[in-house]
Amino acid sequence: MTPQHTMQSHLAQSLIAGLVLVMLSACTSLPRHPVPVDDMRRAEIPDMSGVRAWAGQVDPAFQADIISSVKQELPGAFPLDDSGYPIYHGLALSGGGSSGAFGAGILNGWTTAGTRPDFKVVTGISTGALIAPFAFLGSGYDAQLKSVFTTTQTRDILERLNIFRIIFQGEAFARTTPLKQLIETHFDADLLKAVATAHNQGRRLYVGTTHMDAQALVVWNMGVIANSGHPDALDLFQEVVLASSSIPAAFPPVFIEVEVDGQRYDEMHTDGGTVTQVFFNEGTVDLSAAARASGRTDREGYSGVLYIIRNGKLGPEPEQVKRRLPEISGRAISTMIKYAAVNNLHRIYVSTDAANLDFRYVAIPDDFESQADEPFDPVEMKRLFELGYETGLAGTAWRDTPPRHLLEQ
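1. A closer look at the overall build of the protein chain
Move 1: Looking only at helices and strands, one finds 13 helices and 11 strands in the protein chain.
Move 2: Within the protein chain, buried positions represent 55% of all 409 residues.
Move 3: For the protein chain, long-range pairs separated by at least 24 residues make up 78% of all intrachain contacts whose partners lie at least 6 apart in sequence.
Move 4: A total accessible area of about 18000 Å² is found for the protein chain, and carbon and sulfur atoms account for 53% of it.

2. Remarks on the pattern of salt bridges
Move 1: A full pass over the atoms with the stated rule returns 17 salt bridges.
Move 2: Of the charged contacts, one joins Asp261 and Arg42 as a salt bridge, the two residues approaching to 2.9 Å between their closest N and O atoms. Within this pair, whereas Asp261 is found in the loop between β8 (254–260) and β9 (263–271), its partner Arg42 is found in the loop between α1 (3–24) and β1 (52–54), the two being separated by 219 residues in sequence.
Move 3: When its relative accessible area of 68% is taken as the criterion, Asp261 is described as exposed.
Move 4: A salt bridge links Glu267 to Arg52; the nearest nitrogen and oxygen atoms lie 2.6 Å apart. Here Glu267 is found in strand β9, whereas its partner Arg52 is found in strand β1, with 215 residues between them in sequence.
Move 5: The exposure class of Glu267 is buried, given its relative accessible area of 0%.
Move 6: Residues joined in a network through salt bridges with shared partners are Arg32, Asp213 and Asp266.

3. Considering the pairing of strand β11 (residues 358–363)
Move 1: Pairing of strand β10 (residues 303–310) with β11 involves 6 bridges; the strand directions are parallel. Bridging across to β11, Val305 finds its partner in Asp358.
Move 2: Since β10 and β11 lie parallel, the crossover through helix α12 (residues 325–354) that links them has a hand, and here it is right-handed.

4. Quick look at unusual backbone geometry
Move 1: The phi dihedral of Gln215 falls on the positive side, at around 50°, and the residue is not glycine.
Move 2: In the Ramachandran plot, Glu282 falls in the positive-phi region, its phi being about 55° despite a non-glycine side chain.
Move 3: You can see Glu282 is positioned in the loop between β9 and α11 (287–293).

5. Overview of the environment of Pro46
Move 1: You can see Pro46 is positioned in the loop between α1 and β1.
Move 2: Residue class for Pro46 comes out buried when judged on its relative accessible area of 10%.
Move 3: Apart from residues no more than four positions distant in its own chain, Pro46 is found in contact with His230, Glu257, Val258, Glu259 and Arg264.

6. With respect to the packing of helix α3 (residues 100–113) against helix α5 (residues 142–151)
Move 1: The geometry of α3 relative to α5 is characterised by a closest axis approach of 9 Å and an angle of 155° between their N-to-C directions. It follows that α3 is roughly antiparallel to α5 by the angle criterion. Relative to α5, α3 is oriented so that their crossing is left-handed. Across the interface between the two elements, Gly100, Ala101, Ala104, Leu107, Asn108 and Thr111 of α3 pack against Asp142, Ala143, Leu145, Lys146 and Phe149 of α5.
Move 2: Partitioning the contact of α3 with α5 into residue classes produces 6 nonpolar, 3 polar and 2 charged.

7. Some details on the confidence of the model for the protein chain
Move 1: The pLDDT averaged across the protein chain works out to 88; a share of 86% of its residues lies at or above 70.
Move 2: Scored below 50 in pLDDT, residues 10–25 makes 25 contacts in the model with residues more than four places away or belonging to other chains.

8. Details of empty space enclosed by the protein
Move 1: Taken as a whole and judged by the stated rule, the model has 3 cavities of 30 Å³ or more.
Move 2: Taken together, the elements giving at least two residues each to the lining of the largest cavity come down to α2 (60–72), β2 (87–93) and β10.
Move 3: Taken together, the residues of the lining of the largest cavity break down into 12 nonpolar, 4 polar and 1 charged.

9. Digging into the environment of Pro60
Move 1: Mapping Pro60 onto the fold places it in helix α2.
Move 2: Residue classification places Pro60 among the exposed positions, given a relative accessible area of 66%.
Move 3: The sequence separation of Pro60 and Gly50 amounts to 10 residues, and the corresponding C-alpha distance is 8.7 Å.

10. Considering the packing of aromatic side chains
Move 1: Taken as a whole and assessed by the stated rule, the structure comprises 11 aromatic pairs.
Move 2: Taken together, a centroid distance of 5.6 Å and an interplanar angle of 20° make the contact between Phe62 and Tyr206 stacked. In this pair, Phe62 is assigned in helix α2 and Tyr206 in strand β6 (residues 204–211), connecting sequence segments 144 residues apart.
Move 3: For Phe62, a relative accessible area of 1% gives the class buried.
Move 4: Here Tyr88 and Tyr302 contribute two aromatic rings whose centre-to-centre distance is 5.3 Å and whose plane-to-plane angle is 70°, an arrangement assigned as edge-to-face.

11. Re the side chain of Thr123
Move 1: Note on placement: Thr123 falls in strand β3 (residues 121–125).
Move 2: Classification of Thr123 by relative accessible area gives buried; the value is 0%.
Move 3: Excluding residues that lie within four positions of it along the chain, Thr123 makes contacts with Leu91, Ala92, Leu93, Ala132, Tyr206, Phe279 and Phe280.

12. Quick notes on the nonpolar core
Move 1: With 72 residues, the main nonpolar core has Leu91, Val122, Phe149, Trp220, Met222 and Phe237 as its most contacted residues.
Move 2: Looking at this core element by element, the count peaks at 8 residues for helix α4 (residues 127–137).
Move 3: Leave out the neighbours within four places in its chain, and Leu91 touches Leu107, Phe119, Val121, Val122, Thr123, Ala135, Leu306, Tyr307 and Ile309.

Reading guide: rules and limits
Residues numbered from 1 in each chain as written. Predicted model: local features only at pLDDT ≥ 70, side-chain atom pairs only at ≥ 80, totals over all residues. Heavy atoms only, no water. Helix = DSSP H or I, 4+ residues; strand = E, 2+ residues; numbered from the N terminus. Buried < 20%, exposed > 50% of the residue type's maximum accessible area, 1.4 Å probe, protein only. Contact = heavy atoms within 4.5 Å. Areas by Shrake-Rupley, 256 points an atom, 1.4 Å probe, with all protein chains shown as cover. Salt bridge = Lys/Arg side-chain N within 4 Å of Asp/Glu carboxyl O. Pairing = 2+ DSSP bridges. Right-handed = clockwise from strand over helix to strand, strands pointing away. Axes fitted to C-alpha atoms, helices over the stretch in contact; angles between N-to-C directions. Parallel < 35°, antiparallel > 145°, perpendicular 65-115°, else oblique. Left-handed = near helix turned anticlockwise from the far one by under 90°. Nonpolar A, V, L, I, M, F, W, Y, C, P; charged D, E, K, R; others polar. pLDDT = per-residue confidence, 0-100. 1 Å grid on protein atoms, 1.4 Å probe; cavity = no way out; pocket = protein on both sides within 12 Å on 5 of 7 lines; lining within 4 Å. Points joined across faces, edges and corners; volume = space filled by probe spheres on them. Phe/Tyr/Trp six-rings, centres within 6.5 Å; stacked < 30°, edge-to-face > 60°. Core = buried A, V, L, I, M, F, W, Y, C linked by side-chain atoms within 4.5 Å.

Printed below as a string of structure tokens:
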């Protein structure tokens, strides 16, 4: 059983076991102050404009920001093509729970190979949101990244609740206090300052969360947050990463304070993987228009490559499913995630093709077999890290087109 399957099995069993508890607690609700439905799209983070955008539509602030990023670039920061324009490399990191150890290993191996580029844009969702700041800041953070994904245990991520707490504090089956502490330890003021510096040098870091009230993906410009100088910038940075990593029902949602017409409200945010397993810019910017605005006239878009690390398997994993509700539910969840992952790759492939960017992706090999018996098993995470390391070191596993279906790997 893979770490991802272990997490899905635990989630399915928790959901099934919790049905009775949900009915018992149906008449109770924890207090909150949500944004009125008609005002959800107008809500802003107090005193921090331009830090986020709604997926699926070009955002003026994000568009202006990506255009200005070209002017911020240091001389020689990126290689040049035959026309003298920069060649950009992007990195998109998927969800996958403890399987994020695979992506951490790839980055470390890529560094050792000496072929890892400096990324213009890095995006992360779910466990990818935990990797993304380290990947964005470069190889100097490889050791820290390795430590997070090879020494972490389940108890370092979540605290399971007993039946009474679920009934009377019924928004999740576990608390993420340990994960919050882990994030606060590694994503501190020094890291925030480093992200701000990289942002001011023309590079961009995006993290996705699911806005549960609006049923929409929100893309956060983490460099704008880091560079805002706002006293709450670090708190917001940490909250976004925590929200993106918080699986609904298994983990409690993260409430982010917003403002509409001077009135304060809260928004409910959870794991970005609820909407998409991986993303690039999710339509928040028009790269072709940005390229033209930056003075590029020889092509529709920028020159470069988008690399996607899928922290999970894409191929089918045949097994005999027991005739029990938890097993059937867990199997359904894992199947939906696999097909969603393939669809996500196709969507990104189309968007990169339209922007004239090359497409590369890598996933955990289908023949990898894990014996993990808990969601975050450090022994299995080390194995996944080593697999990723060897994959990144060899550099031969990248594929340039998405699979047409699960059987084509």
